[in-house]
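These are the residues of each chain, in order.
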Amino acid sequence: MTTQPGWYDDGSGAERWWDGQGWSDERRERQGDTQSGPYAVLQVSLKEKFMGTGSNNLVELERVINYQASLGYRLHTITTASSGSAGLGGGERIQATMVFEKLT
């Protein structure tokens with residue numbers, strides 16, 4: 001499955017450019033209903049807490065999934081990748097890439 005290059009909702013209400021292979025750092029305000037195709041690809045950066053509990057990562061993923069559901073999409077695939085480095089104040093950064101499929 002290949003997702004075509006284009007602007008896609010990044011889960012925050014803004015759009016981010018997908019070049020067909022990866023995300024650019026370029027973002028813009030959401031331009032209407034850009035998710036008219038059969039798939040939407042979103043990427044969410046998560047950070048594990050260095051100390052304590054309650055990173056809120058599951059809350060953030062749930063928020064993105066519920067938002068896409070409100071647009072008529074269901075979660076098709078989710079993959080995660082670790083950066084292998086700690087962020088400011090410790091804690092590992094994880095990138096979650098989700099593919100949503102339009103319900104017909």
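What you are looking at is a predicted structure, and each value in this text was computed from that prediction instead of being measured. (Residues numbered from 1 in each chain as written. Predicted model: local features only at pLDDT ≥ 70, side-chain atom pairs only at ≥ 80, totals over all residues. Heavy atoms only, no water.)

1. Here we look at the pairing of strand β3 (residues 23-29)
Every regular strand shows the same layout, with side chains that alternate between the two sheet faces.
Okay, step 1: Here strand β2 (residues 14-18) pairs with β3 via four bridges, running antiparallel. In the strand pairing of β3, Trp-18 is matched with Trp-23.
Okay, step 2: Counted between consecutive antiparallel strands, the loop separating β2 from β3 contains four residues, among which Gly-20 sits at a positive phi close to 100°. (Pairing = 2+ DSSP bridges. Helix = DSSP H or I, 4+ residues; strand = E, 2+ residues; numbered from the N terminus.)

2. Some details on the pattern of salt bridges
Okay, step 1: Across all of its chains, the model carries three salt bridges by this definition.
Okay, step 2: The salt bridge partner of Asp-25 is Arg-16, with a shortest N-O separation of 3.9 Å.
Okay, step 3: A relative accessible area of 10% means that Arg-16 is categorised as buried. (Salt bridge = Lys/Arg side-chain N within 4 Å of Asp/Glu carboxyl O. Buried < 20%, exposed > 50% of the residue type's maximum accessible area, 1.4 Å probe, protein only.)

3. Remarks on the sheet that holds strand β1 (residues 6-9)
Okay, step 1: Taken in spatial order, the three strands line up as β1-β2-β3 in an open sheet, and their pairing is antiparallel. Only two strands of the sheet have a single neighbouring strand rather than two, namely β1 and β3. When strand polarity is set aside, the average angle formed by the axes of neighbouring strands in this sheet is 35°. (Axes fitted to C-alpha atoms, helices over the stretch in contact; angles between N-to-C directions.)

4. Digging into helix α1 (residues 57-70)
Okay, step 1: Between its first and last C-alpha atoms α1 spans 20 Å; for 14 residues at 1.5 Å apiece the expected length is 20 Å, and the two agree.
Okay, step 2: Looking at the residues trailing α1, positive phi occurs at Gly-72, about 95°. (Expected span 1.5 Å × (residues − 1).)

5. Focus: the packing of aromatic side chains
Okay, step 1: Enumeration over the complete set of coordinates arrives at two aromatic pairs.
Okay, step 2: Ring centres 5.5 Å apart and planes at 70° place the aromatic pair Trp-7 and Trp-17 in the edge-to-face group. On the criterion of sequence distance, the pair formed by Trp-7 in strand β1 and Trp-17 in strand β2 is long-range, its members being ten residues apart.
Okay, step 3: For Trp-17, a relative accessible area of 28% translates into the label partly exposed.
Okay, step 4: Judged by centre distance (4.9 Å) and plane angle (65°), the rings of Trp-18 and Trp-23 are edge-to-face. (Phe/Tyr/Trp six-rings, centres within 6.5 Å; stacked < 30°, edge-to-face > 60°.)

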